[in-house]
Amino acid sequence: MGLLGRAEPGASQERFGTADRVRFLARAGRVLDAARPERSIVRLTAELFVPKFAIACRVDASGEEASAFVDPQGEVRLCVRRTGELDEGELEVTDVVEDLQTRLTSSLLSAPIPAPTPGTLTVIVQRALEREDVIAVRDVARRVGAALERRRLAEEARTARRHHDELILRTSHELRTPLASLSLHLSGLLRAARTGKLGNIGEPTIEKLVRADAQLERVLGHIAQLVRKPPIDPRAIEISRSETDLSLVVRDVAERCAGKAAARGFSLRVSADRPVAGRWDRELVQRALSNLCTYLLDSAPAGELEIGAHRSRGGARALVRVQGFGIPAADQAELLRGGPDVSTPDRLGLFIARRIVEAHGGRIRVRSSRGTGTELVLFLPGTDA
Amino acid sequence: MNSAAGPYVMVVDDDDEIREALADVLTDEGYEVIGARDGMQALQFLREGRRPHTILLDLWMPVMDGWQLRHELLSDSKLSDIPVIVLTAVRDQRAQGLMVAEILTKPVQLERLLGALAATTRGS
């Protein structure tokens, strides 16, 4: 049960007139149309209604429900949970709403949130309901339905894109392995035929083997082109946020890089002891950080690679640092502000890292000089308190 | 694997088909071939058995990958000078740092592979 604020003393919805309703609907449209993917639509809706329009609001849709209300002390409270989950707040919300219904002169209005994500929007207002109130609540319910549907479609598109990329990678690999084996056998056969190891084989048969070999090369070339396409299009990165501990991500990346670091003669230093929690796309942040580590492991001379996670003003920072290696200034600009450069895996990796961070509303900073070394800092806004 | 009297080559690849195809064509060319399914098995063969003239090494394998095996080889004075030819499915510039005789991309062209092998086993 969260505390949102306090209703203005003496504030009463009895004076909620036509101009107020128009302003309310305009704001509702803006908020719901521009809701960022990580924000809960049902929560935003409950916050919209209370305390300006209503003294209580309950929104139940898409497997989530949010209740906002003004308690008897004038505090605005909010409870959000998955539909069907009971917690201590359940009793509290019900009690308070019942208390409001019996204690005050109030009206209750319920409007359906339309399919395909059906639900219910219920508000309690501290006045006699007017026709415009009914229209306003129904209008917001429709907008909630549309916002939920947009979100569902975006999620479906994201999932479809991931499946598509995975399918291409998997299919390419599955095709290439047997074809590579076939190619070796065919080349061996052709070579044996040409050198007379297979006995007296006529030129037409050898010609057929040559053509078969060429066709196989062609197929393998097409498959190689498929694989060269980056599995994630760096120009269209979509993020899916969830509770993420950046320190845990850093430790995972360090573990994954350990083998490569050892092979390249690096020692690893990890500074990620304290949880740094926030709502980020764990998988993508891990990928961004891995790309930065890979870049330094490939570019810098052997030494110590430091990787860490820390809280920062307004967000969190993950950093990767090496000593005694400087990226030339011209390259810094190209690496972190340029377009996608797929000429090398590392260049593409840096670009993808940058786009992942930018998709989170963050940025990558480079500090680099030949004398002191290179530090790549990935800043992600927003942490859990 | 077939045995012949030619140069001795170890093929390290987790894919049975690729390993056997390489063994077939190399045996036909007069090489003696032994296969290992991952870096760990290769290391075991190398420490317990005959020393090959050349190792053909895949990079991406389970248990112990090619990067780790190369690190182990370079750390062992008895094995560090065995020539290695990398066969990799993904063109990866990081492989340049492995200090190997040749890096070939799969699907490998037989003529190029035989040329690289001839260069590393010359005189054996």
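Preceding this section is the structure that the text describes.
Remember, it's a predicted structure, so these values are computed and weren't measured experimentally. (Residues numbered from 1 in each chain as written. Chains lettered and ligands numbered in written order. Predicted model: local features only at pLDDT ≥ 70, side-chain atom pairs only at ≥ 80, totals over all residues.)

Draft legend 1. Quick look at the overall build of chain B. Broken down by element type, chain B carries four helices and five strands. The order of helices and strands in chain B, counted from the N terminus, is β-α-β-α-β-α-β-β-α. Split into buried and exposed, the 124 residues of chain B put 44% on the buried side. Of the contacts formed within chain B by residues at least 6 apart in sequence, a portion of 60% connects residues at least 24 apart. (Helix = DSSP H or I, 4+ residues; strand = E, 2+ residues; numbered from the N terminus. Buried ≥ 20, exposed ≤ 12 C-beta atoms within 10 Å, placed from the backbone. Contact = placed C-beta atoms within 7 Å.)

Draft legend 2. How the structure looks around the nonpolar core. Residue and element names in this part refer to chain A. Counting residues in hydrophobic clusters, the biggest one holds 40 residues, and the most contacted among them are Val250, Leu289, Leu292, Cys293 and Leu378. Elements that contribute at least two residues to this core include exactly helix 6 (246-263), helix 7 (282-299), strand 10 (304-312), strand 11 (315-322), helix 9 (345-359) and strand 13 (373-381). Looking at this core element by element, the count peaks at nine residues for helix 7. Residues within four places of valine 250 in sequence aside, it is in contact with Val270, Ala272, Leu289, Ile307, Gly308, Ala309 and Ala318. (Core = buried A, V, L, I, M, F, W, Y, C linked by C-beta atoms within 7 Å.)

Draft legend 3. How the structure looks around the sheet that holds strand 4 (residues 84-88) of chain B. Residues and elements named next belong to chain B. Pairing is parallel across the open sheet formed by five strands, whose spatial order is 2-1-3-4-5. The open sheet terminates on both sides in strands that have one partner only, identified here as strand 2 (32-36) and strand 5 (102-105). Strand-to-strand twist in this sheet, taken as the mean axis angle between neighbours without regard to direction, amounts to 20 degrees. The sheet contact formed by strand 1 (residues 8-12) and strand 3 (residues 54-58) spans four bridges and is parallel. Bridging from a neighbouring strand, valine 12 pairs with leucine 57 of strand 3. Relative to the sheet, helix 1 (residues 16-28) contacts strand 1, strand 2 and strand 3, its axis offset from that of strand 2 by approximately 170 degrees. In the packing of helix 4 (residues 110-121) onto the sheet, the strands contacted are strand 1, strand 3, strand 4 and strand 5, and the crossing angle to strand 5 comes to about 165 degrees. (Pairing = 2+ DSSP bridges. Axes fitted to C-alpha atoms, helices over the stretch in contact; angles between N-to-C directions.)

Draft legend 4. Layout of the sheet that holds strand 8 (residues 267-271) of chain A. All names here are of chain A. Taken together, the five strands give an open sheet; going across it, the order is 8-10-11-13-12, and neighbouring strands pair in mixed fashion. Of all strands in the sheet, those bounded by a partner on one side alone are strand 8 and strand 12 (363-369). Ignoring which end each strand starts from, the neighbouring axes of this sheet average 15 degrees apart. Alignment of strand 11 against strand 13, held across eight bridges, turns out to be antiparallel. Residue pairing for strand 13: glycine 315 is matched across the bridge by proline 381. Along the sheet, helix 6 contacts strand 8, strand 10 and strand 11; its crossing angle with strand 10, the most-contacted strand, is approximately 170 degrees.

Draft legend 5. Up close: the environment of glutamate 375 of chain A. All names here are of chain A. Within the fold, glutamate 375 resides in strand 13. For glutamate 375, a count of 17 C-beta atoms within 10 Å translates into the label partly exposed. C-alpha of glutamate 375 to C-alpha of arginine 365: the two residues are ten residues apart in sequence and 8.1 Å apart in space. Every residue in contact with glutamate 375, bar those within four places of it in the chain, is listed here: Leu319, Arg321 and Arg367.

Draft legend 6. Main features of the packing of helix 2 (residues 39-48) of chain B against helix 3 (residues 66-75) of chain B. All names here are of chain B. Here helix 2 crosses helix 3 at 25 degrees, and the two axes come no closer than 9 Å. Our classification of the angle between helix 2 and helix 3 gives roughly parallel. Here helix 2 runs over helix 3; the crossing is right-handed. In contact with Gly39, Ala42 and Leu43 of helix 2, helix 3 contributes Gly66, Gln68, Leu69 and Glu72. Grouping the constituent residues of the contact of helix 2 with helix 3 by class yields three nonpolar, three polar and one charged. (Parallel < 35°, antiparallel > 145°, perpendicular 65-115°, else oblique. Left-handed = near helix turned anticlockwise from the far one by under 90°. Nonpolar A, V, L, I, M, F, W, Y, C, P; charged D, E, K, R; others polar.)

Draft legend 7. Representation of unusual backbone geometry. In this structure, proline 51 of chain A follows valine 50 of chain A across a cis peptide bond, with omega equal to 5 degrees. Among the secondary structure elements, proline 51 of chain A is positioned in the loop between helix 2 (41-49) and strand 2 (56-61). Here serine 62 of chain A, not a glycine, exhibits a phi torsion of approximately 55 degrees, which is positive. With a phi close to 65 degrees, valine 63 of chain B is a non-glycine residue in the positive phi region.

Draft legend 8. Spotlight on the pairing of strand 3 (residues 64-70) of chain A. Residue and element names in this part refer to chain A. Across the seven residues of strand 3, six count as buried, placing the element largely inside the fold. For strand 2 and strand 3, the ladder comprises six bridges, and the chain directions are antiparallel. Bridging from a neighbouring strand, arginine 58 pairs with serine 67 of strand 3. Between strand 2 and strand 3, which pair antiparallel one after the other, the connecting turn spans two residues, and serine 62 there sits at a positive phi close to 55 degrees. With seven bridges connecting them, strand 3 and strand 4 (residues 75-82) associate as antiparallel partners. Bridge pairing in strand 4 links alanine 68 to leucine 78. Linking strand 3 back to strand 4 in an antiparallel pair, the connection comprises four residues, with glycine 74 at a positive phi of about 90 degrees.

Draft legend 9. Spotlight on helix 4 of chain B. Residue and element names in this part refer to chain B. In this model, helix 4 (twelve residues) spans 16 Å end to end at C-alpha, consistent with the 16 Å of a helix rising 1.5 Å per residue. Every buried residue of helix 4 is accounted for by Leu110, Leu113, Ala116, Leu117 and Thr120. The arc that holds every buried residue of helix 4, seen down its axis, measures 130 degrees, which confines them to one face. Exposed residues pointing more than 90 degrees away from the buried face of helix 4 are listed as Glu111, Arg112, Gly115 and Ala118. (Expected span 1.5 Å × (residues − 1). Arc of directions from axis to C-beta.)

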